[in-house]
Amino acid sequence: MILAEFLWGRTTLIGLGVVGIILGAIGASLVARRIWGRIEKLAGPIRGIAEDQSETTQKTRNDELSRLSEAINRIREKEGELERLKSDFISSISHQFKSPLTAIEGYIDFFIEGIDSGINREKQVKALNIMKNNASRLGKLINDLLDLARIEAGQLEVKRQPLKLVEILGEVVGEFQFLARQNSIEIEMKVEEKIGQVLGDREKVKKVLNNLLSNALKFNRKNGRVTIEAREMGSQEGESNFVEVIVSDTGRGIPIGELPRIFDKFRRLEPEDETVMEELKGPGLGLAIAKGIVEAHGGKIRAESEEGKGSKFVFTLPKA
């Protein structure tokens, strides 16, 4: 049994490594395609000038040259943005793959070296569990990259069905309780009694909550608090058809300059506590994926924050 798990670990390592390379190429291609599309739009005025054979006034020509200059400057800016995005993507993904792969490789060496000397069962089980956890981290990263690719392509599949929101919130809170206690953080849930069902994809709604709760723990402080609320929205036009979910924390907050771009992919804020658990760290995809999932459900998501006083993430889901 132990040997089978060991062989499984090696197969997983090789397979995930290959998939990681493929997904890296897909991600870079998506980024390049998106920026190139913008550049193509900006190139319109350039083609127009080249094709215009009629006589024009000097003023009109000067205006055209001015627009051409502006278009070229914007193209240069977009080229710089492309290089930055590509650099961020490669740096972030490389680190996220390297860390668990290194751990798996290290424990494979541990087994190889122990073949002759022998390793007791307790140490074998511990080592295999560590390998399994790191393989799971790689699997989660791959799933995140696939979700992001589908969101970017407008192909995210959402299987809507009536859901009891209070049950989903309870499940997610239960899954994070152990991690919260380890970091001396209290999780509180407040749900209106009258709240009914929402219309959504169960696993994807849980993913949104997981991403938001993970961030709330990561950027909180010792003896802090995370609050999850759910309530029906007001009676204004359209609002009564939605339920509002709020995830707030008592952490350091988001710098005002970062707030407008907090849902961009690969945007990462480093936690104040450098010893924060590795499981909570990520490549900066969580909020981008959460935004894509919420919008695919027909809802909206926003962030509010004040430095030193914590952050609040609010999203809506349609009522069933």
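Please refer to the structure higher up on the page.
Residues numbered from 1 in each chain as written. Predicted model: local features only at pLDDT ≥ 70, side-chain atom pairs only at ≥ 80, totals over all residues. Heavy atoms only, no water.

Caption draft 1: Here's a closer look at the sheet that holds strand β4 (residues 225-232). Pairing in this open sheet of five strands is mixed, and the strands run β2-β4-β5-β7-β6 from one edge to the other. Two strands close off the open sheet at either side, each with one partner strand: β2 (186-191) and β6 (301-306). Pairwise comparison of adjacent strand axes, ignoring direction, gives a mean angle of 15° for this sheet. Pairing between β4 and strand β5 (residues 242-249): seven bridges, direction antiparallel. In the sheet register, Arg231 faces β5, and the bridge partner there is Glu244. Strands in contact with helix α6 (residues 202-218) are β4, β5 and β7 (310-318); relative to β7, the strand with the most contacts, it is inclined by about 175°. (Pairing = 2+ DSSP bridges. Helix = DSSP H or I, 4+ residues; strand = E, 2+ residues; numbered from the N terminus. Axes fitted to C-alpha atoms, helices over the stretch in contact; angles between N-to-C directions. Contact = heavy atoms within 4.5 Å.)

Caption draft 2: Spotlight on the side chain of Asn220. Mapped onto the secondary structure, Asn220 falls in the loop between α6 and β4. Looking at Asn220, the relative accessible area reads 11%, which means it is buried. At a separation of 3.4 Å, a polar atom in the side chain of Asn220 contacts the main-chain carbonyl oxygen of Ala216. Here Arg225 takes part through its backbone oxygen, which lies 3.1 Å from a polar atom of the side chain of Asn220. (Buried < 20%, exposed > 50% of the residue type's maximum accessible area, 1.4 Å probe, protein only. Polar contact = N/O pair within 3.5 Å; in protein donor to acceptor, adjacent residues only side chain to side chain.)

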